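The lines below spell out each chain.
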Amino acid sequence: APMSRVMKGGLRSQGFIVRAGGALNKHRFFSTSLSVDQLKGETVGVCVSGGLDSRTVSSRLQEAGAKVIGFCADLDQPDEEDIMDVKTKMAPCGVDTFIVDLKDDIAEMAFEVIKAQARYDGGYWN
């Protein structure tokens, strides 16, 4: 049965440390491209929205023999009436999905972006 807990404070507070191209604490993290078949027997974390792409990728990975764990960031998205619906959408795929509460993290980062006058992809504000 899919896990039903919501992570507060992001992945770091749960004992995971994520570094781009680096290591996921106590777990292997691949930073190079692999074929789906090479993931047989591995546990794979996938960022999911509950949409067609998330379900298709998760199902394909499981067919190849990988264990899939889903992660969805709760940023208080206006297009999601209930963020827990993502778990419901992923459940038929057999994916345990964690909703990671990142509202405070994204708000803090927004202030850093404004202070740095950062621009996205060629100079526009998003």
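Thresholds applied
- Within each chain, residue numbers correspond to sequence positions counted from 1 in written order.
- Local features in a predicted model are, by the rule used here, given only for residues with pLDDT of at least 70; side-chain atom pairs are given and counted only at 80 or more, and totals for whole chains, interfaces and linings are based on all residues.
- For side-chain calculations, the full set of non-hydrogen atoms in the structure is used, while hydrogens and water are omitted.
- Values of pLDDT, the confidence the predictor places in each residue, fall between 0 and 100.
- Every helix listed is a DSSP run of H or I at least four residues long, and every strand listed is a run of E at least two residues long, numbered separately from the N terminus.
- The contact criterion used is simple: two residues touch if any of their non-hydrogen atoms lie within 4.5 Å.
- Here, a salt bridge means any side-chain nitrogen of Lys or Arg that lies within 4 Å of a carboxyl oxygen of Asp or Glu.
- A 1.4 Å probe rolled over the protein chains alone gives each residue an accessible area, and that area as a share of the maximum for its type sets the label: buried under 20%, exposed over 50%, partly exposed in between.
- Each Phe, Tyr or Trp ring, with Trp reduced to its six-membered ring, pairs with another whose centre is within 6.5 Å; inter-plane angles below 30 degrees give stacked pairs, above 60 give edge-to-face pairs, and intermediate values give tilted ones.

> Explain the confidence of the model for the protein to me, using residue names and the numbers behind them.
Residues of the protein with pLDDT of at least 70 account for 72%, and the chain-wide mean is 78. Confidence scores differ between elements of the protein, with strand 1 (residues 6-8) showing the lowest mean pLDDT of 44 and helix 2 (residues 85-90) the highest of 96. Every residue in residues 1-26 is under pLDDT 50, and counting partners more than four places away or in other chains gives 52 contacts.

> Go over the pattern of salt bridges, please, and point to the residues and values.
Tallied over the entire structure, the rule returns 3 salt bridges. For K115, the salt bridge goes to E112, with nearest N and O atoms at 3.4 Å. Separated by 3 residues within a single helix, K115 and E112 lie in helix 3 (residues 103-116), roughly one turn from each other. Note on E112: relative accessible area 41%, which makes it partly exposed. In the salt-bridge network here, residues are joined through shared partners; they are D74, D101 and K103.

> Could you give an account of the packing of aromatic side chains, naming the residues involved and the relevant values?
Any pair of aromatic rings gets described here by the distance separating the centres and the angle formed by the planes. Across all of its chains, the model carries 1 aromatic pair by this definition. An angle of 20° between the planes, with centres 5.8 Å apart, marks the rings of F71 and F98 as stacked. Residue F71 is located in strand 3 (residues 67-74), and its partner F98 is located in strand 4 (residues 96-101); the two are separated by 27 residues in the primary sequence. The exposure class of F98 is buried, given its relative accessible area of 9%.

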